[in-house]
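Spelled out, the chains give:
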Amino acid sequence: MPAAHRPLSPAADRVLVAAVAAIRPRGHGFDQPIDDDVLARVRAFFPFLPAPLRRAFPLGLRVLEWTPLVVLRRRQRFTTLPVDEARRVLERLNDQGGPFGALVLGLRALVFLAFYQHPDVLRTLEVDWAGRAAELTRRRAGLLAS
């Protein structure tokens, strides 16, 4: 059971929404209206983060709001950037490494896990985990019987 968890502040949550929009895959059959589901899965994971990360992650999101000032040399908030520019900011932060590179890496990991395990995406990719497990079980049973 995870420790008690406070939800993200509205400001940090807005940054998370913008980051998910920038990170999640687009095109090639992935333009599906599942952002709310992905966000819910990402938010649901926060209580399971180690205590130091539970405290640092919201702070990192709040600082991410102002990174376009440094990365793009523009006085604009991350949450107001078009998706392509927000993606560029995240890529540059990831390339620079350090604490912001780790923040972007963590965000990407959470978003990709939530996105690629969504039932609609699995259907699009023609992934049937239950069917695969049943097939492998039948094969193993056949090998054991022979």
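These figures come from a predicted structure and were not determined experimentally. (Residues numbered from 1 in each chain as written. Predicted model: local features only at pLDDT ≥ 70, side-chain atom pairs only at ≥ 80, totals over all residues. Heavy atoms only, no water.)

A. The overall build of the chain, seen in detail. Each helix and strand counted, the chain has 8 helices and 0 strands in total. Along the chain, helices and strands appear, N-terminal first, in the series α-α-α-α-α-α-α-α. Here the chain has a C-alpha radius of gyration of 19 Å; the compact-globule value for 146 residues is 15 Å, and the former is much larger. Its C-alpha atoms give the chain principal-axis dimensions of roughly 70 × 40 × 25 Å. Here the chain holds 146 residues, and 34% of them are scored as buried. Across the chain, contacts joining residues at least 24 apart in sequence account for 61% of those joining residues at least 6 apart. (Helix = DSSP H or I, 4+ residues; strand = E, 2+ residues; numbered from the N terminus. Rg over C-alpha atoms; globule rule 2.2 N^0.38 Å. Buried < 20%, exposed > 50% of the residue type's maximum accessible area, 1.4 Å probe, protein only. Contact = heavy atoms within 4.5 Å.)

B. Spatial organisation of helix H5 (residues 83-96). Between the first and last C-alpha of H5 there are 20 Å, a value that for 14 residues agrees with the 20 Å anticipated at 1.5 Å per step. When we look at burial in H5, the residues that qualify are Glu 85, Ala 86, Val 89, Leu 90 and Leu 93. The buried residues of H5 occupy an angular sector of 140° when the element is viewed end-on, so they sit on one face. For H5, exposure combined with an orientation more than 90 degrees from the buried face picks out Asp 84 and Asp 95. In this structure, the buried residues of H5 make contact with helix H1 (10-23), helix H3 (51-64), helix H4 (67-71) and helix H6 (98-116). At the C-terminal side of H5, Gly 97 shows a positive phi close to 75°. (Expected span 1.5 Å × (residues − 1). Arc of directions from axis to C-beta.)

C. Broad picture of a nonpolar patch on the surface. Taken together, the side chains of Phe 112, Tyr 116 and Leu 125 present a nonpolar region at the surface, about 230 Å² in accessible area. Within the fold, Tyr 116 resides in helix H6. Of the residues examined, Tyr 116 reaches a relative accessible area of 30% and is grouped as partly exposed. (Patch = residues over 30% accessible without salt bridge, like charges linked within 9 Å, V, L, I, M, F, W, Y side chains within 5 Å. Areas by Shrake-Rupley, 256 points an atom, 1.4 Å probe, with all protein chains shown as cover. Salt bridge = Lys/Arg side-chain N within 4 Å of Asp/Glu carboxyl O.)

D. Fine view of H3. Its 14 residues place the ends of H3 20 Å apart at the C-alpha level, agreeing with the 20 Å of an ideal helix rising 1.5 Å per residue. Within H3, burial applies to Arg 54, Phe 57, Gly 60, Leu 61 and Leu 64. Packed against the buried residues of H3 are H1, H4, H5 and H6.

E. Focus on the nonpolar core. One finds Leu 16, Leu 61, Leu 64, Phe 78 and Leu 107 to be the most contacted residues of the largest nonpolar core, which totals 35 residues. Elements supplying a minimum of two residues to this core: H1, helix H2 (35-45), H3, H5 and H6. Setting aside residues up to four positions removed in sequence, Leu 61 forms contacts with Leu 8, Ala 12, Val 15, Leu 16, Leu 103 and Leu 107. (Core = buried A, V, L, I, M, F, W, Y, C linked by side-chain atoms within 4.5 Å.)

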